[in-house]
Structure formats: C-alpha cells, structure tokens
There are 2 protein chains.
Amino acid sequence: MNLKELSELLGLSQTTVSRALNGYPEVSEKTRIRVVEAAREHNYSPNSRATGLATGRAMVIGHVIPLSARHEIVNPVFGDFVAGALQTYSQNNYDMMFAHAVDGGEAEIYKSLYNRRVVDGVVLQGPKVVEPRIKALRDLGIPFVVHGRSSAEHGPYPWVDVDNTRSFRRATEFLIDLGHRRIALINGLEDMDFAMRRRKGYEDAMAAANLPLNPDLMFTEEMTEVAGHHAARDMLRMETPPTAFMVSSMISAIGVRRAIEEAGLKMARDVSVIAHDDDLSYLKNGQDVPIFTATRSSVRHAGEIAAQILIDRINNPQLAPQTRMLEAEIVVGRSTGPGPER
Amino acid sequence: MNLKELSELLGLSQTTVSRALNGYPEVSEKTRIRVVEAAREHNYSPNSRATGLATGRAMVIGHVIPLSARHEIVNPVFGDFVAGALQTYSQNNYDMMFAHAVDGGEAEIYKSLYNRRVVDGVVLQGPKVVEPRIKALRDLGIPFVVHGRSSAEHGPYPWVDVDNTRSFRRATEFLIDLGHRRIALINGLEDMDFAMRRRKGYEDAMAAANLPLNPDLMFTEEMTEVAGHHAARDMLRMETPPTAFMVSSMISAIGVRRAIEEAGLKMARDVSVIAHDDDLSYLKNGQDVPIFTATRSSVRHAGEIAAQILIDRINNPQLAPQTRMLEAEIVVGRSTGPGPER
DNA sequence: TTGAAAGCGCTAACAT
DNA sequence: ATGTTAGCGCTTTCAA
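Not measured: the values here are computed from a predicted model. (Residues numbered from 1 in each chain as written. Chains lettered and ligands numbered in written order. Predicted model: local features only at pLDDT ≥ 70, side-chain atom pairs only at ≥ 80, totals over all residues. Heavy atoms only, no water.)

(A) Just the sheet that holds strand E6 (residues 183-187) of chain A, in detail. All names here are of chain A. One open sheet accounts for 4 strands, arranged E7-E6-E8-E9; its pairing is parallel. Pairing within the sheet leaves two strands with one partner each, and these edge strands are strand E7 (218-220) and strand E9 (272-275). Across the sheet, the mean angle from the axis of one strand to that of its neighbour is 15 degrees, orientation sign disregarded. One ladder, built from 4 bridges, connects strand E8 (residues 244-247) with E9; its direction is parallel. Bridge pairing in E9 places methionine 246 opposite isoleucine 274. Contacting E6, E8 and E9, helix H9 (residues 164-177) crosses the sheet at an angle of about 170 degrees to E8. (Pairing = 2+ DSSP bridges. Helix = DSSP H or I, 4+ residues; strand = E, 2+ residues; numbered from the N terminus. Axes fitted to C-alpha atoms, helices over the stretch in contact; angles between N-to-C directions. Contact = heavy atoms within 4.5 Å.)

Here is the structure:
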C-alpha cells in the first residue's frame, strides 16, 4: 500500500493524506482521524527512500568499523556504546547504518556513505592519537561526532569521551596505596588515543608516588586474550615480577589471569588485577575480591550523548561543535590476602 | 554532482551516462572511458535513494538486536557473526542496517524496516526454542535467514548454525575421560535454542558415561560475569562441589574463574573450566593449560555464509530455503595437575 | 481546508 | 550506439 493507493481509497488527494499523516495543522481533525485510521488499517508505511528523495534527509546515521580491527567489534565497550546510540536514534526516528572499512580506507567509506546520501551523518569510533579522518570529515562537510578524542587534532570538533586518564590514575593510585610498587600496565595499541591517555594516567600516578617507570612492565598490543596472556606470562618470569596488573580490557584480562594461574600464583593474594571494563556488581555483595574500575555504564551513556549531539548538529549545521567529558564510574573494592609483599 | 549535471557536462543524455557507469554493453568503449573518468574527476556517486526508488532495491540488509538482551550485543560471538556478514555484504555492495527492538516488538521492527523499504531482507539472530518471528517473517514474505535454529519450528526456513550439541558433547566427554564426574554446566538462558542444544550435548555425554544428572550442577541464566560468578560460587560451597565447569560464554567464564579463585582453589589442578568461545591460540605453544572449545572463527564463518544465503534469496525468491550446519572448530589441550580427584 | 502539479535523482522501456 | 520519456513514492510550492 502506497500513498497513491491510500489516497484513492479515501477519495482524497495524496497531498491531504500526506499532510494528515505528518501532522500538518491545516488538515481538519475529522479528515486526519479518518486518514490515520485507514493508514493503520491498511498497514500503510511510507517508503523511506521516496521520503528521503523528496526531503533530502536519509534519517540514517553511519557507524564505521575498521575491519583490520576485528577485535574492536568484539570489544564489549564497542557494544555498549552502540547500544546507547541505538537508543537515542530510535527515539528520534533515526536508523543506524553499519559499514566496515579495510585499513586506511575509512575516509573513503564515510565519503561514500555520505555522497550516496545513505546517511545524514557519521560517528567516528576508535580515534587514534593522530587521526586524519577528523580533518577529512570536516573538509567534506559531513556532520560527525567522535567517540573519544584525538590528541594531535587541535581544530574544534564535536566529541564525547570518558576520562580515561583519570580512571587509570585513580586505579593505579589505589594499587599504590595498597602497597604495590611493581605495577604492570597491559595496554591496548598506543596509537589509539584512549590507550595513550590510559598510559598517561598510569604514569602520572607512578610519578606522583616517586615510583620508577619500568619499560619491561609496560606492554602495548591489541586487546586480546592471547596478547594479555603472553605479556603477563613473560612478566611473571622476570626476576622481580610485578605484583599487580592494570589491564585495558576485560578480554586481555582473561589472558592475564590465566598466566597468573599458570605461574602457580594466587590471585589477589600474590597478584592483583584491575581490568578496565570488568563488571563490578560483585562488589555490592561486600565480598573479598580484587579491585576494579568500571566504565561499562559510562560508555553506554556516552553512546546516548554522542548520538544526541550528532542529531542536533544534523538539524542545525551552524551549531558550534559540542564536546562532553564523562567521568567513568569508578568502583574499588577491597584487596584480599596479605598484600603484595611476598 | 548528480547524473543530470554530469550528463550536461559531457554533452550526453542521462541514459547514456547511466549505462556507461553501470556497465551496459551498448555503450561505446570510447564514451564509457570518457564518462567514467569524468565521474571520478567530479567525484560523482549515484544517490542511493534515487537508485533504490527506481530499481525497487535498497541494497541494505537489516539486523535486529533485542534491546532487552543488552548482553547480546556485548557477547563476543555476536560481533564475530556480524563481522563475517559485513564482509560478504561489502563484497556484494550491500550495506548493513542495525535496528533494535524492545522485548516482543521484534516482529514489528522487521515489518517496519521492510515495509518502509529500508532493507531488502533481514537476519534473525538469537532464535529461541519457540520462535514466532520465523512464522511472522514467512507470512510477511520478507526474505530472511536465521543465525541458529528454532527447534519448535517445523516448516522449512533458511538457517546457518554451528553444531552446539556436538561441541558440548565432545567437550564434556573430554572432561569425563580426564576422570571428572561432577561436571557443572553454566549455561545461557535455556529458552534460547543454542543454550537448549548445548545442554543436550552435555546431557548426552553424561548419559553415555552413565553419570547422573545433578540439577544442582546445572545452571541457566544470562551469560554475564555476575551470573557466572554467583552460580560457581554457590556450587563450590556444596558438600561435594564440581571438579569441572562447562561454561557457555567466555564472559560468564570470567565470573566462574573468579569464584574458583575466591574459593581458594587452583585452576586446572583443582577445577577445570571449559568456556565455549575462549580464544585457543595459547595451545599452539604447547603449554599446560586447561582445555577449551573454540568456535570464534566458526561463528565468523557462519556470518559470511548466512549473508550469502540471504543475498541469494533476495535475488532469487523462489529458491528453496538453504540451510547450513557448520562444525565448530574444537581444540582440546592437555589438562594440567594431578587431575580431578581431590 | 483541499488539490494539482512539479520535482527529488535515478532506471528502464521504447524509440531512433 | 544514443536519446526520449515515463515512472519509482513521496513532499512541497502554488492555486483554489
């Protein structure tokens, strides 16, 4: 059922039916009711391509995943962000498009999506420290918002981020307060902006406590089980192994914990592990567990906010770029056992 | 730059330009080259909404995530499947649409996406044992493919699945061979078809070994860290606790392992854990690690296949529903320590 | 308050 | 080998 058929059925013009359905004021209430009911009854829904052609709006927003970063889509944080954005989109009648890009081709994908009028705007996820995509999007005039920031980018651009530096500083401080001195950092790839910031938080806390930075205890790789395992295993074989691990992802933390088991060490008593996005609900039971930071709900919230900023920008292009810094929800539990001196 | 402008620029009709760009044979090679070059030079890309309107095809496929199942999008397996599908889509010039649905509203979302001609077909993810969506999609005439199966659905429908029953049977057999007798099952929600099949695999193996099924060792919940932790913690407090855990997700396995640590037990020596989608690359180093099944790459492959089946179906609606069963890639490592008798 | 008609950018019959 | 023309299904002036 399309507009024409519906209007013929009602003995009205397409115009009137369209107006009635879209809430224009000049339609009589009587007609509107008749139209709306007939539409529902005959299961009419407007063809979004035709609407898009006529209005010039796609009502779709694009997300692009670098294909090389296959782990990215598997990163739970990614899903949290997307879930948040999805919620805001549906409240505003937007749909979400998903595209992927081979390495280096991301700018092309954005351009293609926008030029073909598939999307009205895009969300840039996983920005690197040096991120040419931001300039590209700005130059192309594509409405966008960044999840995260890019430190090397000095022009204004809209972003939403959680305070990664603060999270890692606070968590590291917590470990230091517990008496740990050899604290390892199992980080993501440090050309990613978030990873660089996390390292900074870690370094800041170490410096503030006058603890030396040991390059052998600072590892950077993709955030996978395997990478976490290898790094932790090697570190635990050192003469003076670390007594604690700051880990950038719950996924790499799986590997880290396994390495600890394999080394015959006991979690919490011999070694503490803080993973960035581990679930924290345990702590509510007041149990003896290692400490953690939690940002899962913060990330979901970031998705909601980012979507709203982008939608505002699409509707009002001359708006100044909005930015929003979210504090990660940090929860720390008690450390168990005799502590780090072994 | 649109078709009209481009054709005026070239002194050709829109038709000829369109034909040149779409590879129709009746265009002279000379003209084609001239057109293609001008298009590239002026950065022309066809408006997909206009193309869609004219052709009746959206070149978009929809994926729907139940919002209630917020964990679903966070499940790594979900990402693997999507990544696989995305790859096939881009090879066939399809884009991927992402929608979400509040509980029970999934059929509406499918209908809406299809009626509005936003998508040409949809992928049904996370089918339940009883899955009304399949009948709904069939009745609506929407091209679709199911990732997984629905046991209560007896009519023909296209699906791609991994052999969950076999995976869990084999992994359970492996534990039994190692001498384990009290094997716990930490499963997902068993109204989900895959979870039901996994339980069946577990039960089959136990029955074949004449081992009793102990309801207290069979847990079913959402596959979260918290749920895994609670279940394992309670089981480990039993008089005769399990010596091994079969876990349905690497995420719940995090909770299970933590509960084991908290109980003062040593992984592998005291308790073995097999998690469904744990990464297995460890084993390649020939280390002493617990055993695992791996299906990560199988799931990605499932995504590729499912996408292809759907595309074929869209292009050829009278095709009989294709189905495809994939064998999960199963890898088992050596169990460490003195074994389960403690 | 309603309708006629043009047009959004493309494809596909149907000429030529 | 190229062009003319009529849509695809909607919105939006402009008229009535």
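(B) Just the packing of helix H11 (residues 225-236) of chain B against helix H12 (residues 250-262) of chain B, in detail. Residues and elements named next belong to chain B. Their axes nearest at 6 Å, the elements H11 and H12 cross at an angle of 35 degrees. As for how H11 packs across H12, the hand of that crossing is right-handed. Here Glu225, Gly228, His229, Ala232, Arg233 and Leu236 of H11 lie close against H12, whose contacting residues are Ile251, Ser252, Ile254, Gly255, Val256, Arg258, Ala259, Ile260 and Glu262. Class assignment of the residues belonging to the contact of H11 with H12 gives a composition of 7 nonpolar, 4 polar and 4 charged. (Left-handed = near helix turned anticlockwise from the far one by under 90°. Nonpolar A, V, L, I, M, F, W, Y, C, P; charged D, E, K, R; others polar.)

(C) Inspection of H12(B) at higher detail. Residues and elements named next belong to chain B. The end-to-end C-alpha distance of H12, which contains 13 residues, comes to 18 Å, matching closely the 18 Å that a straight helix rising 1.5 Å per residue would cover. Buried residues dominate H12, accounting for 12 of its 13 residues. For H12, the full list of buried residues reads Met250, Ile251, Ser252, Ala253, Ile254, Gly255, Val256, Arg257, Arg258, Ala259, Ile260 and Glu261. With a side-chain oxygen lying 2.9 Å from the backbone nitrogen of isoleucine 251, the N-terminal cap of H12 falls on serine 249. (Expected span 1.5 Å × (residues − 1). Buried < 20%, exposed > 50% of the residue type's maximum accessible area, 1.4 Å probe, protein only. Polar contact = N/O pair within 3.5 Å; in protein donor to acceptor, adjacent residues only side chain to side chain.)

(D) Highlighting the packing of aromatic side chains. Per the counting criterion, the structure on display carries 1 aromatic pair over all chains. Pairing Phe98(A) with Phe98(B) gives two aromatic rings, centres 4.4 Å apart and planes at 10 degrees, and the pair type is stacked. Pair noted here: Phe98(A) is in strand E2 (residues 95-101) and Phe98(B) is in strand E2 (residues 95-101), and the two residues belong to different chains. Across the pair, Phe98(B) and Phe98(A) agree in class, each one buried. Note that Arg117(A) overlies the ring of Tyr114(A), its terminal NZ or CZ placed 5.0 Å from the centroid. Directly above the aromatic system of Trp159(A) lies the positively charged group of Arg149(A), at a separation of 4.8 Å from the ring centroid. (Phe/Tyr/Trp six-rings, centres within 6.5 Å; stacked < 30°, edge-to-face > 60°. Lys NZ or Arg CZ within 6 Å of the ring centre and 35° of its normal.)

Geometric descriptors of this kind do not, in isolation, establish any biological role.
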